[in-house]
Amino acid sequence: MKCSTMPPAPVLIALLAATACEARPTTTTAESTTQAATPAPAPQASPGITTATAPTTAAEPPPVTAAELADHAAYAKEAGAELKKLQNDDAQWVMPAKNYSGTRYSTLNEITTANVQNLKVAWSMSTGTTKGHEGAPLVVGSTMYAHSSFPNHVYAIDLTKPDHSLKWQYTPEQDERAVPVACCDAVHRGLNYAEGKILMITLDAQVIALDANTGKEVWKSRNGDPTKGETITGAGLVVNGSFIVGISGGEFGVRGHVTAYDVRNGKRLWRAYSTGPDAELMLTDNFNAANPHYGQKEQGTKTWTGDAWKQGGGTTWGWYSYDPALDLMYYSTGNPGTWNPDQRPGDNKWSMTIWARNPETGKASWGYQMTPHDAWDYDGINESVLVDLTFDGKKVPSLVHFDRNGFGYTLDRRDGTILVAEPFVHVNWAKGIDKKTGRPIEDIEKRTKQGVVTKDICPNAMGGKDQQPVAFSPRTNLFYVPSNNMCMDYEGVEVKYTAGAPFVGANVAMKPGPGGNLGELLAWDPTTGKKKWGIKEKYPAWSGVLATATDLIFYGTMDGWFKAVHAETGKVLWQHKVASGIIGAPMTFKAPDGKQYVAVYAGVGGWFGLPVSNDLSRKDPYAALGAVGIADKSGLYEATTKGGMLYVFAI
Amino acid sequence: MTEKRKGPARLALLVALASAIFPSEGNADASASKNVLRVCGDPNNMPFSNEKLEGIENKIAALIAKDLGWELEYLWWPHQRGLVKRVLNTERCDVLVGIPKGYDLVRWTKPYYRTGYVIAYRKDRVAEIRSMDDPILKTLKVGVQVNTPPHLALGQRGIVGDNVVAYQLMFDSNAHPEDYPGKEVEDLMAGRIDVALVWGPIAGYFQKKKGASSLVLVPIEEPNNAFEISMGVRKANTELKTRLEQALDRRRDDIRAILEDFGVPLLPLTASAPGGAATTPDGHDGKRKGGS
């Protein structure tokens, strides 16, 4: 449905159009910064205009009692065992990143470098929606659980049936006002499984548990208010009977938080904020004891002026990982909330921070801020992958994170100590990271300022890598990193308008980085911080990556090529053109027929793909925060069309 | 769409079917063939517009419709993110009555007035504030909407501390009508803040219509704090743009009377104004200082 050809009809058509005609984001930087507000469907009765009733959606849960907390703590000891075991069964794929470490590595070995050229589509299925498709389906037992972009359909696909028919399908009731406030395409990053339930988060910030066998709602709860700009695109993670859930909406001054829900009943167990007083940050007494220079007490208020931390941003829309041995979960926070950096002098902690928390108590043992006082929208939410690496002959429990700011970090995941911090793409806003202080060594010429033109900042606001997750192979000890190669000019002013008051914002013009290719799949050594090889891509490499024990690396491109390459050399061994550009994450499983399959969503979108998935006019290059201009110049409008499809491949 | 999906979407589908079966007036030039001025109106955003047709833009729309001899129809939709794409460009309505010239999601008419952000304070509580450089701003409690030009001007002066009270630009006039931009001036009148840096027409409305006679309004003389206001139509709708410009020209004096009635602090239009209809600062009740 094209917005410009929508037939006029009463207001409800406009409601329907909400799913097809997302608002143009109107600011300078992504998933961050800005002004706009929540449009709502007009319920007023006017001649010929019908009033809609609001859908039945979840309410905020009541406060949890001490007894309920104690009960959950007792239950959690048992509850964690199921997923800790299932994550290692490579026939299945029971959580977003395959395992708690987030490696997206599978030991399945039927598809090899020798036979991958015979890989063919086994079956495919339309997801029924046309916004971008991120994340991966789950496989639990003999059922595949697939999801779509807004309105977040869920499909249970029977893998025992040759026709792959549906056991059930489910679509949550949602507040459609969430759509225009979602920053960068109404995407969804996937489902979780635990104890016979499918756990999902909706764009309008509900948390829902479904019976995995029937698709019936078991409980639902509410994690945010979309009329205040709070939405959710992330998948969350189930740890020890808690469903860990983040929040999006930093561009509306939402104060970020992470929240744990009881998998059994949807009760809210704890909520830890990204900014504000220590009690609300939920810090342990010895927080950052190993690295006091990272900041310890009262940093969530003192690194802000006044009460600006209340609109502090630091949202939590990315991926989560968990180390059962240390009993710590890891995630990171987005950019600070107020758009203009001049208005929030200070480091703005704990935006842009990698956190380690105990999943049962919510308490944080360490936090490391990567980009203090952000002025570029280097939203820090990318995944942290947990691997054990060897430094000076010693095994170190490590955490590897490729940030939007262009640096690849290897930290000691016990306490956050920096082991390696090197640029993995072309970076010029900082000359490096001072490992003693943990702070970037900034080039002051590249710090953006409202009303001042700053040219050629690299990477651009989409970052050296956006949310698309990396994979790690323990066979090569390399990370496989889908990266962007783009720079930006931060320039000029543009008239904006909301609710009767006009104002101005900066334009961001995006352009290719050195070499002209917009993306590259990198093989990266996390112990040295060096690239081993790279495959240059015409478009940003915006899909996730899968690694297998047969030295195959799978990833997709925005123009719709699904590729298998050699993990050692980067040689492309196989590729197949699918229906739409790929921004999803490939996964693999063994079906009841005993064969290995590889699955991936097609469905272009996300920030860079928004111009295509949302039919944005190419006449306005600054639209979608600058994505239209560069997407148009790159040829994306000709290279692919929108539409969500699930593809499943086999030999 | 699954059978579980109820409510608006299902209704919408029915409506869509109905309009397919009974194709009615509705294409791009519905307003021209039916002679209806179809306004995209905010249901709850005074002083500009509300459903009771009490706002500045309601009065101006009625005036222009009357001038054209057209009927007036509203589609009520909050003037927030998604307005143009979801309502104007889907041809649910044809005209935005007041948008800043240069707002490039739409085609704008020649501007018909110009106003700007002001420093508003109560003269019974604050002696005098001349400009954004007045050092007293560092000591008073200053309200401002986040990310607006005066917010930037404060930041540039290092006024970022505890004394700045931030108001959100984001408000949903259906779900949270109480969060409208006028709340900042309500807080000023109630003494919760000492100074409001606010869009001029909002402050002027309180001064003129809501009995806030103690209010003093000082225009902010900073770059990007004043804007020319136009009507907006779809980019392709050049015919309607021309009709509106002609009507705006004819009704220049009446429009000015409406704006003055609402206390809008008017600034001179620049040379591109229709018919060179430059208005001048006209010494509303508030002081006008700091320049010509």
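Residues numbered from 1 in each chain as written. Chains lettered and ligands numbered in written order. Predicted model: local features only at pLDDT ≥ 70, side-chain atom pairs only at ≥ 80, totals over all residues. Heavy atoms only, no water.

Would you mind showing me how to read the overall build of chain A here?
Counting secondary structure elements, chain A contains eight helices and 38 strands. When burial is assessed residue by residue, chain A has 71% of its 651 residues classed as buried. Within chain A, contacts between residues separated by at least 24 positions form 63% of all contacts whose residues are at least 6 apart in sequence. When the accessible surface of chain A is split by element, carbon and sulfur atoms take 53% of a total near 18600 Å². (Helix = DSSP H or I, 4+ residues; strand = E, 2+ residues; numbered from the N terminus. Buried < 20%, exposed > 50% of the residue type's maximum accessible area, 1.4 Å probe, protein only. Contact = heavy atoms within 4.5 Å. Areas by Shrake-Rupley, 256 points an atom, 1.4 Å probe, with all protein chains shown as cover.)

What's the story with unusual backbone geometry in this structure? I'm lost.
Residue A:Pro151 follows A:Phe150 across a cis peptide bond; omega there is 10°. Going from B:Met46 to B:Pro47, the amide bond is cis rather than trans, its omega being 10°. Even without being a glycine, A:Arg104 presents a positive backbone phi close to 55°. Among the secondary structure elements, A:Arg104 is positioned in the loop between helix H2 (66-86) and strand S1 (105-106). Despite not being glycine, A:Asn288 shows a phi value in the positive range, around 55°. Mapped onto the secondary structure, A:Asn288 falls in the loop between helix H4 (278-281) and helix H5 (299-302).

Explain the environment of A:Gly236 here, please?
Residue and element names in this part refer to chain A. With respect to the helices and strands, the residue Gly 236 is situated in the loop between strand S10 (217-222) and strand S11 (237-239). Once the C-alpha coordinates of Gly 236 and Asn 192 are considered, the two residues, 44 residues apart in sequence, prove to be 7.5 Å apart. Contact partners of Gly 236, with chain neighbours within four places excluded, come to Pro 96, Asn 192, Ile 201, Phe 243, Ile 244 and Tyr 320.

Explain the sheet that holds strand S17 (residues 353-357) of chain A here, please?
Sheet strands pair via backbone hydrogen bonds, and the direction of the pair is either parallel or antiparallel. Residue and element names in this part refer to chain A. Across the sheet, which stays open at both edges, the four strands sit in the order S15-S16-S17-S18 with antiparallel pairing between neighbours. Edge strands, defined here as strands with exactly one partner in the open sheet, are strand S15 (321-323) and strand S18 (364-369). Ignoring strand direction, the axes of neighbouring strands in this sheet form an average angle of 20°. Bridge count for strand S16 (residues 328-332) against S17 is four bridges, and the pairing is antiparallel. What sits directly across from Ser 332, in S17, is Ile 354. (Pairing = 2+ DSSP bridges. Axes fitted to C-alpha atoms, helices over the stretch in contact; angles between N-to-C directions.)

Looking at this model, I keep getting lost on the sheet that holds S10(A). Mind explaining?
Residue and element names in this part refer to chain A. The four strands lie next to each other as S7-S8-S9-S10, forming an open sheet whose pairing is antiparallel. If you trace the sheet from one side to the other, it starts and ends with strand S7 (192-194) and S10, each paired once. With direction set aside, neighbouring strand axes in the sheet form an average angle of 20°. Where S7 lies against strand S8 (residues 197-201), three bridges are found, and the strand directions are antiparallel. Bridge pairing in S8 links Tyr 193 to Ile 198.

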